[in-house]
Amino acid sequence: MPVTAVLILAAGTFAIRIAGPLLRDRVTLPDRVRELMSASATVLLLALVAVSALTNGKQFGGWALAAGVAVGGLAAWRKLPFVAVIVLAAVTTAGLRLVGVS
């Protein structure tokens, strides 16, 4: 990637990041808009997690992977330590694949 492109992208990223603090006191959003923005960020994050966690390339990743993601999500929801969440999800997926569930 050319240095010019990197500098343009860096300047754009900096401009977007600095716009928040500079415009915070000038722009006021209604409470309903704030709620919608918060909900849309959550939905977007969940959609990204679902697509990246449940697919393998362009295909469905299999029921074992889906079960592992579900167990990991449940463990995270129960506020288990991060390492426990990862280990539970991996053990679930590996165990199901070991017994033949794709």
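If you're wondering where the values come from, they're calculated on a predicted model, not measured in any experiment.

Conventions used here
Residues numbered from 1 in each chain as written. Predicted model: local features only at pLDDT ≥ 70, side-chain atom pairs only at ≥ 80, totals over all residues. Heavy atoms only, no water. Domains from an automatic or database assignment. Helix = DSSP H or I, 4+ residues; strand = E, 2+ residues; numbered from the N terminus. Buried < 20%, exposed > 50% of the residue type's maximum accessible area, 1.4 Å probe, protein only. Contact = heavy atoms within 4.5 Å. Axes fitted to C-alpha atoms, helices over the stretch in contact; angles between N-to-C directions. Parallel < 35°, antiparallel > 145°, perpendicular 65-115°, else oblique. Left-handed = near helix turned anticlockwise from the far one by under 90°. Nonpolar A, V, L, I, M, F, W, Y, C, P; charged D, E, K, R; others polar. Patch = residues over 30% accessible without salt bridge, like charges linked within 9 Å, V, L, I, M, F, W, Y side chains within 5 Å. Areas by Shrake-Rupley, 256 points an atom, 1.4 Å probe, with all protein chains shown as cover. Salt bridge = Lys/Arg side-chain N within 4 Å of Asp/Glu carboxyl O. Expected span 1.5 Å × (residues − 1).

1. Side note on the domain arrangement of the protein
Item 1. When the domains of the protein are assigned, the result is domain 1 (1-42) and domain 2 (55-102).
Item 2. Distance between the C-alpha centres of domain 1 and domain 2: 34 Å.

2. Some remarks on the environment of Ala75
Item 1. The residue Ala75 is located in helix α3 (residues 63-77) in this model.
Item 2. Looking at Ala75, the relative accessible area reads 6%, which means it is buried.
Item 3. Sequence-wise, Ala75 and Ala39 are 36 residues apart; in three dimensions their C-alpha atoms are separated by 22 Å.
Item 4. Not counting residues up to four positions away in its chain, the partners in contact with Ala75 are Leu80, Val85 and Leu88.

3. A closer look at the packing of α3 against helix α4 (residues 82-98)
Item 1. Their axes nearest at 8 Å, the elements α3 and α4 cross at an angle of 155°. It follows from the interaxial angle that α3 and α4 lie roughly antiparallel. In the packing of α3 onto α4, the handedness of the crossing is right-handed. Across the interface between the two elements, Ala64, Leu65, Ala67, Gly68, Val71, Gly72, Ala75 and Ala76 from α3 touch Val85, Leu88, Ala89, Thr92, Thr93, Leu96 and Arg97 from α4.
Item 2. Residues that form the contact of α3 with α4 fall into these classes: 10 nonpolar, four polar and one charged.

4. Side note on a nonpolar patch on the surface
Item 1. Taken together, the side chains of Phe14, Ile18, Leu22, Leu23, Val27, Leu29, Val33 and Met37 make up a nonpolar region of the molecular surface, amounting to roughly 710 Å² of accessible area.
Item 2. Put simply, the parts of the chain that give the nonpolar patch at least two residues each are α1 (3-23) and α2 (31-54).
Item 3. When residues of the nonpolar patch are assigned to their parent elements, the largest contribution, four residues, is made by α1.
Item 4. Mapped onto the elements of the fold, Val27 is located in the loop between α1 and α2.
Item 5. For Val27, a relative accessible area of 46% puts it in the partly exposed group.

5. Thoughts on α3
Item 1. Helix length check: α3 (15 residues) gives 21 Å between terminal C-alpha atoms against 21 Å at 1.5 Å per residue, within 8%.
Item 2. Taken residue by residue, α3 has Ala64, Ala66, Gly68, Gly72 and Ala75 as its buried positions.
Item 3. Buried residues belonging to α3 abut α2, β2 (59-60) and α4.
Item 4. Count one or two residues on from α3 and you reach Lys79, which has phi positive near 65°.

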